[in-house]
Amino acid sequence: MSTEATDMAFIRSAAEKIVPAAKAAQMAAEERLNQLTKPPGSLGRLEALAVQLAGAMGTPELPGRLRKAVVVMAADHGVCEEGVSAFPQQVTRQMVANFLNGGAAINVLARQAGADVVCVDMGVKGPEIVHEKLLSRRVREGGTANLARGPAMTREEAVRAIRAGMDVANDLSMKGYNVLATGEMGIGNTTASSALLAALTGLDAEEVVGRGTGIGDEGLRLKRETVARALELNRPDPQDPVDALAKVGGLEIAGLAGLVVGAASMGIPVVIDGFISSVAALAACRIAEGVKPYLIPSHLSSERGHKRTLEELGLAPMLQLEMRLGEGTGAALAFPLIDAACGILREMATFDSAGVSKG
């Protein structure tokens, strides 16, 4: 059996292990929430979040301490040759160093949320980065090829990237992490994500392409033309998410899709960040139908395609802060809400225990 076939068999096996949300745990969580010293449903989506966590984790007895990690996957994109980004490609590599040194926005927000940042090199251009805090899962040296001139990568490389993401999820589970969040870094990756969203949904470039790192009107026109050309040239199969990832995706996007599938197969909820992370989650849902109950949408970014992606997933974000940074920053801001949901279910007094009349 070839490496690709072996990895695909592993991916299918993990997808089959994903169990539906535990209905009994959800019902028990709802019952307890209705006994707490508050009007029923008065904590709104915080209560819905507690029920979702109970279903994903398989118990209404939510942990007293969540061990949280933001997984920031990094890779470069050949489509940068088309001039689709306001920043040069070397910024990907420079930002990886910033993550590892603890100086990026995600490091600050993760520290405040009590979460760790795990940086993964999926295919950053240049020599392999050697750092004790970096996970090296390089699938393709130099990042993807230019998707506007041909496939971004081979199918075998896309499968390897998905498998690498699943392996990262497994490694973090073994270390005791029970909630993960998705983050990314890759100059040009909003172009790849836009193309992938269009490929998976049938939306056109006009509907999905936004300004990314802050390009002007001419840059936006060029970016839309680039995405349209990539779709016409590569003709990704909307019924085959691996084909779409290979032809118009990115190494870090495929890796994040694998991370989501892997986490769900182990009963670990995943907080999804902005546009790129959400497109990766959409690809994960197409790879494994059982993923959705494990997805927690953090925020709605100002990137044009993000709202369409969340609509396709049927998810409503908790926050809307007009952010568009990526890195997992929106997901990190959602961690305190997750902690709050767990705390309410675990610590709040019932009417009986507090001696409060129900009315």
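Summarised in this report is the structure supplied together with it. Owing to the predicted nature of the structure, the values given are computational and were not obtained by experimental measurement.

Digging into the overall build of the protein chain
Scanning the protein chain from terminus to terminus reveals 15 helices and 6 strands. Relative to the globule expectation of 21 Å for 359 residues, the C-alpha radius of gyration of the protein chain, 20 Å, shows essentially globular dimensions. Among the 359 residues that make up the protein chain, the fraction classed as buried is 56%. In the structure as shown, the protein chain presents an accessible area of about 14,400 Å², 51% of it carried by carbon and sulfur atoms. Of the side-chain charges in the protein chain, 36 are positive and 41 negative, and the distance between the mean point of each set is 2 Å.

Points about helix H6 (residues 155-174)
Counting along an α-helix, one turn takes 3.6 residues, and residues three or four places apart therefore face a common direction. Between the first and last C-alpha of H6 there are 29 Å, a value that for 20 residues agrees with the 28 Å anticipated at 1.5 Å per step. Listing the buried residues of H6 in full gives Glu157, Ala158, Val159, Ala161, Ile162, Arg163, Ala164, Gly165, Met166, Val168, Ala169 and Leu172. Just downstream of H6, glycine 176 is the residue with a positive phi angle, here 100 degrees.

Focus on the pairing of strand E1 (residues 68-75)
With 8 of its 8 residues buried, E1 lies for the most part within the structure. Both E1 and strand E2 (residues 115-123) contribute to a ladder of 8 bridges, which runs parallel. Bridge assignment links alanine 74 to a residue of E2, and that residue is aspartate 121.

Quick word on the pattern of salt bridges
Evaluated as defined, the whole model comprises 24 salt bridges. The closest approach of N and O atoms between arginine 149 and glutamate 82, which form a salt bridge, is 2.9 Å. Residue arginine 149 is located in the loop between strand E3 (134-136) and H6, and its partner glutamate 82 is located in the loop between E1 and helix H4 (91-101); the two are separated by 67 residues in the primary sequence. Judged by relative accessible area, arginine 149 falls into the exposed class, the value being 60%.

Considering the side chain of serine 194
Inspection of the secondary structure puts serine 194 in helix H7 (residues 189-201). For serine 194, the side chain forms a polar contact with the main-chain oxygen of threonine 190, separated by 2.7 Å. Sequence-distant contacts of serine 194, that is, excluding residues within four places in its chain, are made with Val208, Val209, Val227 and Phe275.

Here's the deal with the pairing of E2
For E2, the buried fraction is high: 7 of the 9 residues fall into the buried class. One ladder, built from 3 bridges, connects E2 with E3; its direction is parallel. Paired with valine 120 across the strands is leucine 135, a residue of E3.

Quick look at the packing of aromatic side chains
Counted under the stated rule, the structure contains 0 aromatic pairs. Geometry around tyrosine 177 places arginine 67 over its ring, the cationic atom sitting 4.1 Å from the centre.

Some remarks on the packing of H6 against helix H11 (residues 251-265)
Between H6 and H11, whose axes approach to 6 Å, the crossing angle comes to 45 degrees. In terms of orientation, H6 and H11 fall into the oblique class. For the element pair H6 and H11, the recorded crossing hand is right-handed. Contact residues: H6 offers Ala158, Ala161, Ile162, Gly165, Met166, Val168 and Ala169, while H11 offers Leu251, Ala254, Gly255, Gly258, Leu259, Val261, Gly262 and Ala263. When grouped by side-chain class, the residues that make up the contact of H6 with H11 number 11 nonpolar, 4 polar and no charged.

Some thoughts on H11
The end-to-end C-alpha distance of H11 is 21 Å, a good match for the 21 Å that 15 residues give at a rise of 1.5 Å each. Trailing H11 by a residue or two, glycine 267 shows a phi angle of about 75 degrees, which is positive.

Describing the side chain of glutamate 157
Mapped onto the secondary structure, glutamate 157 falls in helix H6. For glutamate 157, a relative accessible area of 13% corresponds to the buried category. Sequence-distant contacts of glutamate 157, that is, excluding residues within four places in its chain, are made with Val139 and Arg140.

Considering the packing of H11 against helix H12 (residues 275-287)
One way to put it is that H11 packs onto H12 with a least axis distance of 8 Å and a crossing angle of 55 degrees. As the angle between them shows, H11 and H12 are arranged oblique. Considering the relative orientation of H11 and H12, their crossing is right-handed. In this structure, H11 uses Ile253, Leu256, Ala257, Val260 and Val261 to contact H12, whose residues at the interface are Ile276, Ser277, Ala280, Ala283, Ala284 and Ile287. Of the residues contributing to the contact of H11 with H12, the split by class is 10 nonpolar, 1 polar and no charged.

What counts, and at which threshold
- Residues numbered from 1 in each chain as written.
- Predicted model: local features only at pLDDT ≥ 70, side-chain atom pairs only at ≥ 80, totals over all residues.
- Heavy atoms only, no water.
- Helix = DSSP H or I, 4+ residues; strand = E, 2+ residues; numbered from the N terminus.
- Rg over C-alpha atoms; globule rule 2.2 N^0.38 Å.
- Buried < 20%, exposed > 50% of the residue type's maximum accessible area, 1.4 Å probe, protein only.
- Areas by Shrake-Rupley, 256 points an atom, 1.4 Å probe, with all protein chains shown as cover.
- Lys, Arg positive; Asp, Glu negative; His and termini not counted.
- Charge placed at Lys NZ, Arg CZ, Asp CG, Glu CD.
- Expected span 1.5 Å × (residues − 1).
- Pairing = 2+ DSSP bridges.
- Salt bridge = Lys/Arg side-chain N within 4 Å of Asp/Glu carboxyl O.
- Polar contact = N/O pair within 3.5 Å; in protein donor to acceptor, adjacent residues only side chain to side chain.
- Contact = heavy atoms within 4.5 Å.
- Phe/Tyr/Trp six-rings, centres within 6.5 Å; stacked < 30°, edge-to-face > 60°.
- Lys NZ or Arg CZ within 6 Å of the ring centre and 35° of its normal.
- Axes fitted to C-alpha atoms, helices over the stretch in contact; angles between N-to-C directions.
- Parallel < 35°, antiparallel > 145°, perpendicular 65-115°, else oblique.
- Left-handed = near helix turned anticlockwise from the far one by under 90°.
- Nonpolar A, V, L, I, M, F, W, Y, C, P; charged D, E, K, R; others polar.

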